[in-house]
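One-letter residues, chain by chain:
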Amino acid sequence: MPRLSVNINKIATIRNARGGNLPDLLKVAVDIQRFGAQGITVHPRPDERHIRYQDTVNLKTVVTTEYNIEGYPSKEWMDLVLKVKPHQATLVPDPPDAITSNAGWDTVKHQSFLREIIAELKEKKIRTSIFIETNSSHIENAVKTGTDRIELYTESYVKDFSKNKEEAIKPFISAANLADKLGMGINAGHDLNLENLNYFYKNIPNLLEVSIGHALISDALYYGLENTVQLYLRQLK
Ligand code: PXP
């Protein structure tokens, strides 16, 4: 069964709206794990509009499952990640002002940059994953960066799912098979939700982890956090 890593950026967004400590990000992280999630993901951005750099440090003391920090590997982000030493670092090529991650890495163009960053992270025994689209050349070149895993960017799957799910999943099956053949582990994320998650998982049997934030936290408004985590876990069985 793949791990469910819950992205808690949105909890920080709500907290920051009032300037106090409600909701308490650390308590939410503890509870999400108590409710069964096998990981916590955060994406600190340079403007700290949701997760603050200090949050990533504080979370390290309460994440007892798997801690995943994602983001663009700027100097500040690298300093932070090398200090916090999460279990996994997910590299994302998004510009600082992006609303959310909106593209995967071009592993041809950025190969030497990624190779250097990944070597630095692996030296500290931090597992690496790079956010990537299904393009076969990008996957073939991902292995040359030395990354342990790739995270498949699932936005296109989600967008096409309601029109034709058999077609929508095809490029992801090919990408997952290729990555598997090349010896890289497979994570996935972006826009996954209660409607499309199970079909994705059923078709990508070597899936190791999904990282889900926006839809899960939104569903929690209706179903409650504990029920929602359970509902997502059920999709991965
Ligand atoms: N993976 C990456 C690399 C992301 O940047 C995000 C969003 O922060 C996610 C997964 C989760 O996406 P969503 O919030 O749509 O579930």
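Residues numbered from 1 in each chain as written. Predicted model: local features only at pLDDT ≥ 70, side-chain atom pairs only at ≥ 80, totals over all residues. Heavy atoms only, no water.

Peer 1: What is the right way to look at the site of the ligand in this model?
Peer 2: Surrounding the ligand, one finds 16 residues, the nearest of these being Ser101, Glu151, Asp191, Gly213 and His214. Here Glu70 contributes a side-chain N or O atom positioned 2.9 Å from an oxygen atom of the ligand. In this structure, Glu151 approaches the ligand through a side-chain N or O atom, which is 2.6 Å from a nitrogen atom. Contact with the protein chains covers 95% of the free accessible surface of the ligand, which is 400 Å². Split into classes, the residues belonging to the shell around the ligand amount to three nonpolar, ten polar and three charged. (Near = heavy atom within 4 Å. Polar contact = N/O pair within 3.5 Å; in protein donor to acceptor, adjacent residues only side chain to side chain. Areas by Shrake-Rupley, 256 points an atom, 1.4 Å probe, with all protein chains shown as cover. Nonpolar A, V, L, I, M, F, W, Y, C, P; charged D, E, K, R; others polar.)

Peer 1: Got a minute to help me understand the packing of helix H10 (residues 214–223) against helix H11 (residues 225–235) in this structure?
Peer 2: Helix-helix packing is described using two parameters, namely the angle between the two axes and the distance between the axes. Between H10 and H11, whose axes approach to 7 Å, the crossing angle comes to 130°. The angle between H10 and H11 falls in the class oblique. For the crossing formed where H10 meets H11, the hand is right-handed. Taking contact as the criterion, the partners of Ala215, Leu216, Asp219, Ala220 and Tyr223 in H10 are, on H11, Leu225, Asn227, Thr228, Leu231 and Tyr232. (Axes fitted to C-alpha atoms, helices over the stretch in contact; angles between N-to-C directions. Helix = DSSP H or I, 4+ residues; strand = E, 2+ residues; numbered from the N terminus. Parallel < 35°, antiparallel > 145°, perpendicular 65-115°, else oblique. Left-handed = near helix turned anticlockwise from the far one by under 90°. Contact = heavy atoms within 4.5 Å.)

Peer 1: Can you help me understand the side chain of Asp219 in this one?
Peer 2: Note that Asp219 resides in helix H10. Arg234 provides the closest opposite charge to the buried, unpaired Asp219, separated from it by 12 Å. If sequence neighbours within four positions are ignored, Asp219 has contacts with Leu194, Gly224, Thr228 and Tyr232. (Buried < 20%, exposed > 50% of the residue type's maximum accessible area, 1.4 Å probe, protein only. Lys, Arg positive; Asp, Glu negative; His and termini not counted. Salt bridge = Lys/Arg side-chain N within 4 Å of Asp/Glu carboxyl O.)

Peer 1: Even after reading the chapter, I still don't get the packing of aromatic side chains, so can you show me in this structure?
Peer 2: Aromatic ring pairs are described here by two measures, namely the spacing of the ring centres and the angle between the planes. This model, assessed by the stated rule, comprises nine aromatic pairs. Measuring from ring centre to ring centre gives 6.3 Å for Tyr72 and Phe113, while their planes differ by 20°; the resulting arrangement is stacked. A residue pair is termed long-range when its members are at least 10 positions apart, and Tyr72 in the loop between strand S3 (66–71) and helix H4 (75–84) and Phe113 in helix H5 (residues 111–123) qualify at 41 residues. Exposure remark for Tyr72: the relative accessible area of 36% places this residue in the partly exposed category. With a relative accessible area of 28%, Phe113 lands in the partly exposed category. (Phe/Tyr/Trp six-rings, centres within 6.5 Å; stacked < 30°, edge-to-face > 60°.)

Peer 1: Mind showing me how you'd approach the pairing of strand S6 (residues 149–153) here?
Peer 2: A regular strand places its side chains so that they alternate between the two faces of the sheet. Taken across its five residues, S6 has five buried, putting it largely inside the fold. In the sheet, strand S5 (residues 127–132) pairs with S6 via four bridges, with the strands oriented parallel. Note on S6: the bridge partner recorded for Ser129 is Arg149. The pairing of S6 with strand S7 (residues 185–189) spans five bridges and is classified as parallel. Among the inter-strand pairings, Leu152 is bridged to a residue of S7, identified as Ala188. (Pairing = 2+ DSSP bridges.)

Peer 1: Explain the nonpolar core to me, please; I cannot follow it from the model alone.
Peer 2: A general feature of soluble globular proteins is that nonpolar side chains tend to end up buried together. Core analysis: the largest hydrophobic core is formed by 68 residues, its most contacted members being Leu4, Ile8, Leu91, Leu121, Ile150, Tyr157 and Val210. Counting residues per element, this core draws most heavily on helix H8 (residues 165–181), at seven residues. Those residues in contact with Leu91, other than ones at most four positions away along the chain, are Gly71, Pro73, Trp77, Trp105, Leu114, Ile117, Ile118, Leu121, Ser129, Ile130 and Phe131. (Core = buried A, V, L, I, M, F, W, Y, C linked by side-chain atoms within 4.5 Å.)

Note that all results are geometric; they support no functional claim without further evidence.
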